[in-house]
Amino acid sequence: MAALAVLVTVFANTSAFAQEAAAGAAAAAPKQIDMVPIYKSVAFYTMLFLLLCLFIAIVGKAIRVYELTREAQDKPDSINWNTVNGVIFVLFLIAGLFGVYFEYTVHGHMLLPDAASEHGKKIDSMFNITLILTTIVFIGTHIALFLFSFFYRNTGKRKAYYYPHNNALERIWTIVPALVLTVLVLMGFLTWRSIFYKIEDPNNKPLSIEITSQQFQWTLRYPGADGIVGLKNYKLITGTNGLGMDFKDKNNLDDQNADEMVIPVNKPVRLIITSKDVVHSVYMPHFRVQLNSVPGMTSYFEFTPTITSEEMKTKVNDPAFQYLLYCSKICGSGHYNMKKVIRVVSQAEYEAWVLKQPKFINNDLRKEFNLPLVPDAAAPAAAPADSTATPAKDSSAVAMNKPALKK
Ligand SMILES: [Cu+2]
């Protein structure tokens, strides 16, 4: 009753607010009333829950009183609880099956579109096989479970049959699921192996792209003309050398930085995954790519994109569609915003794009590593030199590279 009283008060207050607001609007001087809609407050739902409990308790008591009265008058039981429970079981089954139908038809459309990578198709087919098998078993067992409870409820006319054990049945329901699960696990194992242990085709060498995670951004490193991503060492990390690239290694001299990941379609891409601080995770859902980036350890993931960004726009009927790379490991407060745009383009488009990307090396770094300076770049590089005083992020290192590239 107390709960009810509070609830009434809460409602009364809202309507008072509503009247006040209406009056304010009528006077053409809108008053600022700072109020949260009632259905958004925790108190509202707490009250609603208490009210429901109260309602159930009252109905329960009423039924009990009714039953006791009949018992006192020596009349037979009025409510057959076995039938009530049996019927509830059937209703639950119908609601549950409708839920399955709803998930497949309504939420089913919210799944990711077709895999946009070669190995992604294998993962998808494995996912579908598991889903189909488990759905069949789920529906079958649940129909049996609930219908048996309904049809064989106690009606008073039947006695339960004592049936403690059957070895044949035990064998069937142990061996069949074991075999099915073994096939599924083996399939997963073989698929996983085919993704991670590829035999390299010398005629179709993958494009290596290094991706380094840090709170809260990704840094991309393209290998440049030599196709090799140079060595790096965390001890070399400075304000100007955000990745700790070792410029004594000449493979680093042509390495390029990029804001977005642009990759050619139908060409294998090999991600070299490293981290500067904590564990992050490279997650590219459309390509079915996901792998942790772990500090102190280099991981690799090779995949071949098969659908260009433009093709995907028409496929999903969304002109604003973009492939995205996310961090899928809760890595700190900015985790939610740690993403990169991926563009899958034709080989020609990729080649044109990659030429325009800035190199990491600049004269500040050349000085640091005692390398001969490039005269043309010396003048423009001197201008933003101030920014080296502040601990520069990777992006500022890139900004300094840009003038050098103009030559
Ligand atoms: Cu992260």
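Structural data are supplied above this passage.
Reference entry: report on the structure contained in this document.

Scoring rules and cut-offs
- Residues numbered from 1 in each chain as written.
- Predicted model: local features only at pLDDT ≥ 70, side-chain atom pairs only at ≥ 80, totals over all residues.
- Heavy atoms only, no water.
- Core = buried A, V, L, I, M, F, W, Y, C linked by side-chain atoms within 4.5 Å.
- Buried < 20%, exposed > 50% of the residue type's maximum accessible area, 1.4 Å probe, protein only.
- Contact = heavy atoms within 4.5 Å.
- Helix = DSSP H or I, 4+ residues; strand = E, 2+ residues; numbered from the N terminus.
- Expected span 1.5 Å × (residues − 1).
- Polar contact = N/O pair within 3.5 Å; in protein donor to acceptor, adjacent residues only side chain to side chain.
- Pairing = 2+ DSSP bridges.
- Donors = N, O, S within 2.8 Å, 3.2 Å for Na, K, Ca; no water.
- Tetrahedral: all angles 85-135°; square planar, octahedral: opposite > 155°, others 65-115°.
- Axes fitted to C-alpha atoms, helices over the stretch in contact; angles between N-to-C directions.
- Salt bridge = Lys/Arg side-chain N within 4 Å of Asp/Glu carboxyl O.
- Arc of directions from axis to C-beta.

### Some thoughts on the nonpolar core
The tendency in soluble globular proteins is for nonpolar side chains to be buried as a group.
Now for step 1: Counting 37 residues, the largest nonpolar core has Tyr222, Met261, Leu271 and Met284 as the members making the most contacts within it.
Now for step 2: Dropping the residues within four chain positions of it, tyrosine 222 is found in contact with Leu207, Ile209, Asp255, Gln256, Ala258, Glu260, Met261, Val262, Ile263, Tyr350, Trp353 and Val354.
Now for step 3: Counting residues in hydrophobic clusters, the runner-up holds seven residues, among them Leu243, Phe247, Ile361 and Phe369.

### What to know about helix 3 (residues 81–105)
Now for step 1: In a regular helix each residue adds 1.5 Å, so 25 residues correspond to 36 Å; helix 3 covers 36 Å between its end C-alpha atoms and thus fits that length.
Now for step 2: Turning to helix 3, its buried residues number three or more, namely Gly86, Val90, Leu93 and Val100.
Now for step 3: Contacts made by the buried residues of helix 3 are with helix 4 (118–151).
Now for step 4: One side-chain oxygen of the residue at the start of helix 3 lies 3.1 Å from the amide nitrogen of asparagine 82, identifying that residue as asparagine 80.

### Notes on the pairing of strand 5 (residues 269–275)
Now for step 1: Burial analysis of strand 5 places six of its seven residues in the buried class, which makes it a mostly covered element.
Now for step 2: Across seven bridges, strand 1 (residues 207–214) lies against strand 5 in parallel orientation. Paired with serine 213 across the strands is serine 275, a residue of strand 5.
Now for step 3: When strand 5 meets strand 8 (residues 299–303), the two strands line up antiparallel, connected through five bridges.

### Remarks on the coordination of the copper ion
Now for step 1: At 2.0 to 2.7 Å from the copper ion lie its protein donor atoms, namely His280 (ND1), Cys327 (SG), Cys331 (SG) and Met338 (SD).
Now for step 2: Each of the four donor atoms around the copper ion contributes to a set of angles spanning 93 to 123 degrees, which defines the coordination as tetrahedral.
Now for step 3: Here the donor residues of the copper ion are spaced in sequence according to H-x46-C-x3-C-x6-M. Linking cysteine 327 in strand 9 (residues 323–327) with methionine 338 in the loop between strand 9 and strand 10 (339–345), this pair joins segments that are eleven residues apart in sequence. Across the pair, methionine 338 and cysteine 327 agree in class, each one buried.

### Describing the sheet that holds strand 6 (residues 280–284)
Strand pairs in the sheet, formed through backbone hydrogen bonds, run parallel or antiparallel to each other.
Now for step 1: Judged by pairing direction, the sheet is mixed, and its five strands sit side by side in the order 4-10-9-6-7 without closing on themselves. Unpaired on one side and paired on the other, strand 4 (261–264) and strand 7 (289–293) mark the two borders of the sheet. Across the sheet, the mean angle from the axis of one strand to that of its neighbour is 20 degrees, orientation sign disregarded.
Now for step 2: As paired strands, strand 4 and strand 10 are joined by four bridges and run parallel to one another. Bridging across to strand 10, methionine 261 finds its partner in isoleucine 342.
Now for step 3: Contacts between helix 7 (residues 347–355) and the sheet are confined to strand 4 and strand 10, with strand 4 contributing the most and set at about 140 degrees to the helix.

### Some thoughts on the pattern of salt bridges
Where side chains of opposite charge bring their charged atoms close, a pairing between them can arise.
Now for step 1: Enumeration over the complete set of coordinates arrives at eight salt bridges.
Now for step 2: The partner of lysine 315 in a salt bridge is aspartate 114, and the shortest N-O contact between them spans 3.6 Å. Residue lysine 315 is located in helix 6 (residues 309–315), and its partner aspartate 114 is located in the loop between helix 3 and helix 4; the two are separated by 201 residues in the primary sequence.
Now for step 3: Accessibility expressed as a relative area gives 49% for lysine 315, which makes it partly exposed.
Now for step 4: Glutamate 310 serves as the salt-bridge partner of lysine 313, at 3.2 Å between the closest nitrogen and oxygen. Of this pair, lysine 313 and glutamate 310 both sit in helix 6, three residues apart, which is roughly one turn of the helix.

### Notes on helix 7
Now for step 1: All of the buried residues along helix 7 are Tyr350, Trp353 and Val354. Seen along its axis, helix 7 keeps its buried residues to an arc of 95 degrees; they face one direction. Counted as exposed and oriented over 90 degrees from the buried face of helix 7: Ala348 and Leu355.
Now for step 2: Those residues of helix 7 hidden inside the fold are in contact with strand 1, strand 2 (217–222), strand 3 (256–258), strand 4 and strand 10.

### Considering the sheet that holds strand 1
Now for step 1: Read from one edge of the open sheet, five strands run 3-2-1-5-8, paired in mixed fashion. Looking at the sheet topology across the chains shown, the edges are occupied by strand 3 and strand 8. Sheet twist, expressed as the mean angle between neighbouring strand axes with direction ignored, is 30 degrees.
Now for step 2: Pairing geometry for strand 2 and strand 3, over three bridges, is antiparallel. Looking at strand 3, one finds that arginine 221 is bridged to asparagine 257.

### A short note on unusual backbone geometry
Now for step 1: Here glutamine 215 and phenylalanine 216 are connected by a cis peptide whose omega angle stands at -5 degrees.
Now for step 2: Assignment of secondary structure puts phenylalanine 216 in the loop between strand 1 and strand 2.
Now for step 3: A positive phi angle, close to 60 degrees, is found at asparagine 266, a residue other than glycine.
Now for step 4: Residue placement: asparagine 266 occurs in the loop between strand 4 and strand 5.
Now for step 5: Residue asparagine 266 is classed as partly exposed on the basis of its relative accessible area of 46%.
Now for step 6: If you check the backbone angles, asparagine 317 has positive phi at about 55 degrees while not being a glycine.
Now for step 7: Here asparagine 317 falls in the exposed class, since its relative accessible area comes to 68%.

Everything listed here is a matter of geometry and, on its own, says nothing about what the molecule does.
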